[in-house]
Amino acid sequence: MLPEALDIDYGINSTQGYRIQSGNTDNTFEIVSFKAGLRKFYYLSIKRALDRERTSNFDLEIEAYDGAYPAKKDTLHVNVIIEDENDCSPEFNQSQYYASVKEDASVGYRIVTVDASDEDSGANSRVVYSFDREFSGGNLFMINKYSGEITLQGQLDYEEEQDILLIVIANDEGIPPRSSTVYVNIKVVDVNDN
């Protein structure tokens, strides 16, 4: 409910209504009134769905006016802050990742870094990474859960496996979390070791 605009006049010269003068992006809000006895009350109502990723706040200027000619007016500033809902999933900056690594690369060798971002805010936008272990190269690789950097954690052998497919999961920290996955294709490069 909006604060009451007090006017000591009576009848037509008293407060006649409220209107939104500015800040009402996409006509998102409207002012609705109701009567209770001899008093009239006004409140701000939402006309359209809110989307924080599109507009995170509205700085509304609301005007109260009377019925005199010319009308006397007063303004009220209302700042509406839209809180985030975890409605976006992380999105990787590539549809797939490709890397190659020599079979004699040492443990700790940096192979590739995956990157995902989330349009939400706060915990809903913080992304952590992991492997889908059922399909991701056993224990040969490690992913930094915060940076997305994938490193080698074991010994590769070209004669045993030339192409390795990892599946990386990006989870946000919202409740409940939202996630997405991406493939990382790793080509093992032969070195003359036999």
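Everything below is about the structure shown above.
First, a word on what this report is: a plain description of the structure on this page. Numbering of residues begins from 1 in every chain and follows the order in which that chain's sequence is written. Selection of residues for local features in this predicted model requires a pLDDT of at least 70, selection of side-chain atom pairs for listing and counting requires 80 or more, and totals for whole chains, interfaces and linings are taken over all residues. Side-chain calculation: all heavy atoms of the structure are included, whereas hydrogens and water are not.

**Re the pairing of strand E3 (residues 39–46)**
And step 1. Pairing between strand E2 (residues 29–36) and E3: eight bridges, direction antiparallel. Bridge assignment links Val32 to a residue of E3, and that residue is Tyr43.
And step 2. In textbook terms, the turn of a hairpin is the stretch between consecutive antiparallel strands, and for E2 and E3 this stretch comprises two residues, one of which, Gly37, has a positive phi near 70°. What makes two strands pair is DSSP finding at least two bridges between them. Numbering of helices and strands starts at the N terminus; helices are DSSP runs of H or I of at least 4 residues and strands are runs of E of at least 2.

**A closer look at a negative patch on the surface**
And step 1. A cluster of acidic residues, Asp51, Glu85, Asp87, Glu91 and Glu119, forms a negative patch at the surface.
And step 2. With respect to the helices and strands, the residue Glu85 is situated in the loop between strand E5 (73–81) and strand E6 (91–92).
And step 3. Exposure classes here rest on a 1.4 Å probe applied to the protein chains alone. A residue is buried below 20% of its type maximum, exposed above 50%, and partly exposed in between. Judged by its relative accessible area of 58%, Glu85 is exposed. Each patch groups residues whose relative accessible area exceeds 30% and which form no salt bridge, using 9 Å between like charges and 5 Å between nonpolar side chains of Val, Leu, Ile, Met, Phe, Trp and Tyr. For the accessible areas, the method is Shrake-Rupley and the probe is 1.4 Å, while residue cover comes only from the protein chains on display. Counted as salt bridges are all cases of a side-chain nitrogen of Lys or Arg within 4 Å of a carboxyl oxygen of Asp or Glu. In this tally Asp and Glu are treated as negative and Lys and Arg as positive; neither His nor the chain ends contributes. For this purpose, a charge sits on NZ of Lys, CZ of Arg, CG of Asp or CD of Glu.

**Points about unusual backbone geometry**
And step 1. Between Tyr69 and Pro70 the backbone carries a cis peptide bond, its omega angle lying at -5°.
And step 2. Topologically, Pro70 is positioned in the loop between strand E4 (57–66) and E5.
And step 3. In this chain, Ile175 is followed by Pro176 through a cis amide linkage whose omega measures -10°.
And step 4. Tracing the chain through its elements places Pro176 in the loop between strand E13 (163–172) and strand E14 (179–189).
And step 5. You will see that Asp26, though not glycine, has its phi angle at about 55°, which is positive.
And step 6. Considering the arrangement of structural elements, one finds Asp26 in the loop between strand E1 (15–22) and E2.

**Some words on the sheet that holds E1**
And step 1. The strand order across the open sheet formed by three strands is E1-E4-E5, and the pairing between neighbours is antiparallel. Two strands lie at the open edges of the sheet, namely E1 and E5, each paired on one side alone. Adjacent strand axes in the sheet meet at a mean angle of 25° when their direction is disregarded.
And step 2. Judged from the six bridges that link them, E1 and E4 form a sheet pairing that is antiparallel. Note on geometry: axes are lines fitted to C-alpha atoms, helical ones only across the stretch in contact, with angles between N-to-C directions running from 0 to 180 degrees.

**So, the nonpolar core**
And step 1. Core analysis: the largest hydrophobic core is formed by 25 residues, its most contacted members being Phe92, Val114, Tyr129, Phe141, Ile150, Val168 and Val184.
And step 2. When contributions to this core are tallied by element, the ones reaching two or more residues are strand E7 (96–102), strand E8 (110–113), strand E10 (127–131), strand E11 (141–143), strand E12 (149–152), E13 and E14.
And step 3. Core analysis: the next-biggest nonpolar cluster, separate from the first, contains 11 residues, Tyr42, Phe58, Ala64 and Val80 among them. Here, nonpolar core means buried Ala, Val, Leu, Ile, Met, Phe, Trp, Tyr and Cys residues that are tied together by side-chain atoms lying within 4.5 Å of each other.

**So, the sheet that holds E14**
And step 1. As summarised here, the arrangement of the four strands in space is E7-E14-E13-E10, forming an open sheet in which the pairing is mixed. For this open sheet the edge positions go to E7 and E10, each flanked by a neighbour on one side alone. Across the sheet, the mean angle from the axis of one strand to that of its neighbour is 30°, orientation sign disregarded.
And step 2. Bridging between E10 and E13 involves five bridges; their strand directions are antiparallel. Following the sheet pairing, Ser130 is matched in E13 by Ile169.

**Focus: the environment of Gly11**
And step 1. Inspection of the secondary structure assignment puts Gly11 in the segment before E1.
And step 2. For Gly11, a relative accessible area of 51% translates into the label exposed.

**A look at the pattern of salt bridges**
And step 1. Throughout the structure, instances matching the rule amount to six salt bridges.
And step 2. Residues Glu63 and Arg19 are paired through a salt bridge, measuring 2.8 Å at the closest nitrogen-oxygen approach. Residue Glu63 is located in strand E4, and its partner Arg19 is located in strand E1; the two are separated by 44 residues in the primary sequence.
And step 3. Given a relative accessible area of 7%, Glu63 falls into the buried group.
And step 4. With a closest N to O distance of 2.8 Å, Asp26 and Arg54 form a salt bridge. Taken together, the positions of Asp26 in the loop between E1 and E2 and Arg54 in the loop between E3 and E4 put the pair 28 residues apart, joining distant regions of the chain.
And step 5. Classification of Asp26 as partly exposed rests on a relative accessible area of 38%.
And step 6. Overall, Arg54 belongs to the exposed group, its relative accessible area being 61%.

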